[in-house]
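# Geometric and topological summary
Here is how the chains run, residue by residue.
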Amino acid sequence: MVLRVAFASTDRTRVNQHFGAAEGFAVYEVTPDKATLVGVAEFDEEAMDGNEDKLAAKVDFLAGCAAVYVMAIGASAIKKLMAVGIQPIRVNEVDAIDELLVEISTAMREGGVTWIDRAIAVQEKAKSEDRFSTMEEEGWEG
């Protein structure tokens, strides 16, 4: 079980960016035991000024993520992210990415965090549907 999670960050140590104005994202694959940095995106400032397309580029980059941690986010960005199954999460600038990763891993083991439980359920449902279509393709009648 692996969740892909992004953090709006300029320094890759703290969540310190507004989603729309984010100059960069750090993307991690998180398991119940560890987190691994798997991607980093950097966006040009001139690509952001009053440019609505800036959201589309960021949402596209985050495809496959279960969540994105941000300092702030606007309503249109929330709608775009939710439409593709990405949960936006607002946190304070003092929140260290390492600590958030530990919290996510712990919640994956113990449950009780709604967006994490939902993301895991979606993954497990997709996995079981894949298994059944494979069985059907192989002709699984007794």
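Use the structure listed above.
Let us look at the structure shown here. All values derive from a computational prediction rather than experimental measurement.

So, how was this worked out
- Residues numbered from 1 in each chain as written.
- Predicted model: local features only at pLDDT ≥ 70, side-chain atom pairs only at ≥ 80, totals over all residues.
- Heavy atoms only, no water.
- Phe/Tyr/Trp six-rings, centres within 6.5 Å; stacked < 30°, edge-to-face > 60°.
- Helix = DSSP H or I, 4+ residues; strand = E, 2+ residues; numbered from the N terminus.
- Buried < 20%, exposed > 50% of the residue type's maximum accessible area, 1.4 Å probe, protein only.
- Salt bridge = Lys/Arg side-chain N within 4 Å of Asp/Glu carboxyl O.
- Expected span 1.5 Å × (residues − 1).
- Arc of directions from axis to C-beta.
- Pairing = 2+ DSSP bridges.

By the definition in use, this model includes 6 aromatic pairs. With a centroid separation of 5.0 Å and 25° between ring planes, the pair formed by Phe7 and Tyr69 is classed as stacked. With Phe7 in strand β1 (residues 3-8) and Tyr69 in strand β4 (residues 67-70), this residue pair connects regions lying 62 residues apart in the sequence. Neither Phe7 nor Tyr69 differs from the other in exposure class; each is buried. Feature note: the residues Phe7, Tyr28, Tyr69 and Trp115 constitute an aromatic cluster, connected by ring pairs.

A few words on the pattern of salt bridges. Scanning all chains against the criterion turns up 2 salt bridges. In this structure, Glu29 engages Arg4 in a salt bridge whose closest nitrogen and oxygen atoms are separated by 3.0 Å. Separated by 25 residues along the polypeptide, Glu29 in strand β2 (residues 24-30) and Arg4 in strand β1 bring together distant segments of the chain. Note on Arg4: relative accessible area 30%, which makes it partly exposed. A salt bridge links Glu42 to Arg12; its shortest N-O distance comes to 3.3 Å. In this pair, Glu42 sits in strand β3 (residues 35-42) while Arg12 sits in the loop between β1 and β2, placing the two residues 30 residues apart along the sequence. Given the relative accessible area of 39%, Arg12 is considered partly exposed.

Between the first and last C-alpha of helix α3 (residues 97-110) there are 20 Å, a value that for 14 residues agrees with the 20 Å anticipated at 1.5 Å per step. What α3 keeps buried is the set Ile97, Leu100, Leu101, Ile104, Ser105, Ala107 and Met108. Along the axis of α3, the buried positions cluster into a sector of 165°, meaning they face one direction only. Projecting away from the buried face of α3 at angles above 90 degrees are the exposed residues Asp98, Glu99, Val102, Glu103 and Glu110. Directly after α3, the chain includes Gly111, whose backbone phi takes a positive value near 75°.

In this section: the pairing of β1. Each regular strand displays side chains that alternate between the two surfaces of the sheet. Of all 6 residues in β1, 5 are buried, a share of seventy percent or more. Direction of pairing for β1 relative to β2: antiparallel, over a ladder of 6 bridges. Residue pairing across strands places Phe7 opposite Ala26, the latter belonging to β2. Pairing geometry for β1 and β4, over 3 bridges, is parallel. Within the sheet, the bridge partner assigned to Val5 lies in β4 and is Ala67.

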